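Reading the structure
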Amino acid sequence: MTSIRSIILLLSLINAFPTASKAEDDMDNMDVNEMIARANENTTSHLTFGDIAPTLQRNADPCTATGCKWPKTGGFVYIPVDISRSYSSAQRRIIIDGLVSFYQETCIRFRWRRRENRNFLYFFSGSGCWSYLGRQSRGQAISLQSNGCLFLGTVQHEVLHALGFHHEQVRSDRDEHVTIQFDNIIAGTEGNFQKVNTNNLGTLYDFDSVMHYSNRAFSKNGLPTIVANSNPNLSFGRAREMSSNDIARINELYDC
Ligand SMILES: [Zn+2]
């Protein structure tokens, strides 16, 4: 049974991109982080950095050096997954396509969870879009609310958190590349811009990362909250899917 389900997961490579739905058309002008922010509008009280579920001991990329990386076996990182039965088959397909999108250029692979797998990802339609940072012990949830979070880039974004990656604009060297305009940030949401002691893996700061917020993220007045140092008019954070840099840093962290 398990092998049949694995084959189905692999077969989804053949048609990785489902037909756009009405909801996707409505979201046409929104980037990944706007979608996440909108879906999380009423659900952020328990979340940190907009869409990261808090844990007691692990809250930043450095955990990848001390145990929150997923293990590698024979050249591949196999991550057991389970997907809630509450999704429709079309919704499950979007999640599976998002998972399979990691196959083409990284060594990350997903397998249906077996009973003996203690650590695994469990996708369910919770309140908003959110994920834990890095591998947790025992099963960890990734919430992809069926109404608002089921898009390729959103699946990739939340899975990247589970792989150990933080938002691009909070990385340790961000001040060399962007300036945070705290005066324009909605009161109480400043924590989303708190710098983190990340391991940047020697990769360039990437304005096209699917993990980068857009210029006006969490703006209280329509003015920019993040400004590029090199060009104050630069528009960024518009990614709909992983950038080549997002892929490169997966390969660097997991030694693909
Ligand atoms: Zn995020």
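See above for the structure.
This structure is a prediction, so every number in the text was calculated from the model and none was measured. (Residues numbered from 1 in each chain as written. Predicted model: local features only at pLDDT ≥ 70, side-chain atom pairs only at ≥ 80, totals over all residues. Heavy atoms only, no water.)

Here we come to the coordination of the zinc ion. Looking at the zinc ion, one finds its protein donor set to be Asp 51 (OD), Asp 51 (OD), His 157 (NE2), His 161 (NE2) and His 167 (NE2), positioned 2.0 to 2.2 Å from the metal centre. Mapping the donors of the zinc ion onto the primary sequence yields the spacing D-x105-H-x3-H-x5-H. With Asp 51 in the loop between helix H3 (32-39) and strand S1 (72-73) and His 157 in helix H5 (residues 152-163), the pair connects residues that are 106 residues apart, well separated along the chain. (Donors = N, O, S within 2.8 Å, 3.2 Å for Na, K, Ca; no water. Helix = DSSP H or I, 4+ residues; strand = E, 2+ residues; numbered from the N terminus.)

Another point: the packing of aromatic side chains. Any aromatic ring pair is given by two values, namely how distant the centres are and how the planes are angled relative to each other. One pass over the full model with this rule turns up 11 aromatic pairs. Considering the side-chain rings of Phe 207 and Phe 236, the 5.0 Å spacing of their centres and the 50° angle between planes classify their relative orientation as tilted. On the criterion of sequence distance, the pair formed by Phe 207 in the loop between strand S7 (178-180) and strand S8 (226-228) and Phe 236 in the loop between S8 and helix H6 (244-253) is long-range, its members being 29 residues apart. Taken individually, Phe 207 and Phe 236 each receive the classification buried, so the pair is uniform in this respect. An aromatic cluster is present here, built from Tyr 122, Phe 124, Trp 130 and Tyr 132 joined pairwise through their rings. Above the ring of Tyr 254, the side-chain terminus of Lys 69 is found at 5.7 Å from the ring centroid. (Phe/Tyr/Trp six-rings, centres within 6.5 Å; stacked < 30°, edge-to-face > 60°. Buried < 20%, exposed > 50% of the residue type's maximum accessible area, 1.4 Å probe, protein only. Lys NZ or Arg CZ within 6 Å of the ring centre and 35° of its normal.)

For the structure on display, the rule yields seven salt bridges. The closest approach of N and O atoms between Arg 249 and Glu 168, which form a salt bridge, is 2.7 Å. Of the two residues, Arg 249 sits in helix H6 while Glu 168 sits in the loop between H5 and S7, which places them 81 residues apart along the sequence. Among the residues examined, Arg 249 registers a relative accessible area of 7% and is labelled buried. For Glu 168, a relative accessible area of 2% translates into the label buried. Its salt-bridge partner being Asp 175, residue Arg 174 comes within 2.7 Å of it at the nearest N-O pair. (Salt bridge = Lys/Arg side-chain N within 4 Å of Asp/Glu carboxyl O.)

A separate point is the nonpolar core. Looking at soluble globular proteins, one finds that nonpolar side chains tend to be buried together. The biggest cluster of nonpolar side chains holds 42 residues, and the ones touching the most others in it are Phe 110, Phe 123 and Leu 163. Counting residues per element, the ones that place at least two in this core are H3, strand S2 (76-83), helix H4 (89-100), strand S3 (108-112), strand S4 (121-124), strand S6 (140-144), H5 and H6. (Core = buried A, V, L, I, M, F, W, Y, C linked by side-chain atoms within 4.5 Å.)

For H4, spanning 12 residues, the distance from its first C-alpha to its last is 16 Å, which sits close to the expected 16 Å at 1.5 Å a residue. Looking at H4, one finds that the buried residues are Arg 92, Ile 94, Ile 95, Ile 96, Asp 97, Gly 98, Leu 99 and Val 100. (Expected span 1.5 Å × (residues − 1).)

The description of two helices packed together rests on the angle between their axes and the distance between the axes. Orientation of H3 relative to H5, taken along the N-to-C sense of each, is 80°, at an axis distance of 9 Å. Taken together, the axis directions place H3 and H5 in an arrangement best described as roughly perpendicular. In this structure, H3 uses Val 32, Asn 33, Met 35 and Ile 36 to contact H5, whose residues at the interface are Gly 153, Thr 154, His 157 and Glu 158. For the contact of H3 with H5, the class distribution of residues is three nonpolar, four polar and one charged. (Axes fitted to C-alpha atoms, helices over the stretch in contact; angles between N-to-C directions. Parallel < 35°, antiparallel > 145°, perpendicular 65-115°, else oblique. Contact = heavy atoms within 4.5 Å. Nonpolar A, V, L, I, M, F, W, Y, C, P; charged D, E, K, R; others polar.)

If a strand is regular, its side chains alternate between the two faces of the sheet. Side-chain alternation along S4 places Leu 121 and Phe 123 on a buried face and Tyr 122 and Phe 124 on a face that remains uncovered. Note that S4 and S6 share four bridges and pair parallel. Bridge pairing in S6 links Tyr 122 to Ala 141. (Pairing = 2+ DSSP bridges.)

A few words now on the state of the cysteines. A disulfide bridge is the covalent bond that connects two cysteines by way of their sulfur atoms. Following the criterion strictly, the structure yields two disulfides and no others. With a sulfur-sulfur separation of 2.0 Å, Cys 107 is cross-linked through a disulfide to Cys 256. Taking the sign of the S-S torsion, -65° for the link of Cys 107 and Cys 256, the bridge is left-handed. One end of the pair, Cys 107, is in the loop between H4 and S3; the other, Cys 256, is in the segment after H6, with 149 residues separating them in the sequence. With relative accessibility at 42%, the residue Cys 256 sits in the partly exposed group. The disulfide partner of Cys 129 is Cys 149, and the S-S distance across this bridge is 2.1 Å. With the S-S dihedral at roughly -85°, the linkage between Cys 129 and Cys 149 falls on the left-handed side. Taken together, the residues Cys 129 in strand S5 (residues 129-131) and Cys 149 in the loop between S6 and H5 connect sequence positions 20 residues apart. Residues Cys 129 and Cys 149 agree in their burial class; the two are buried. (Disulfide = S-S within 2.5 Å.)

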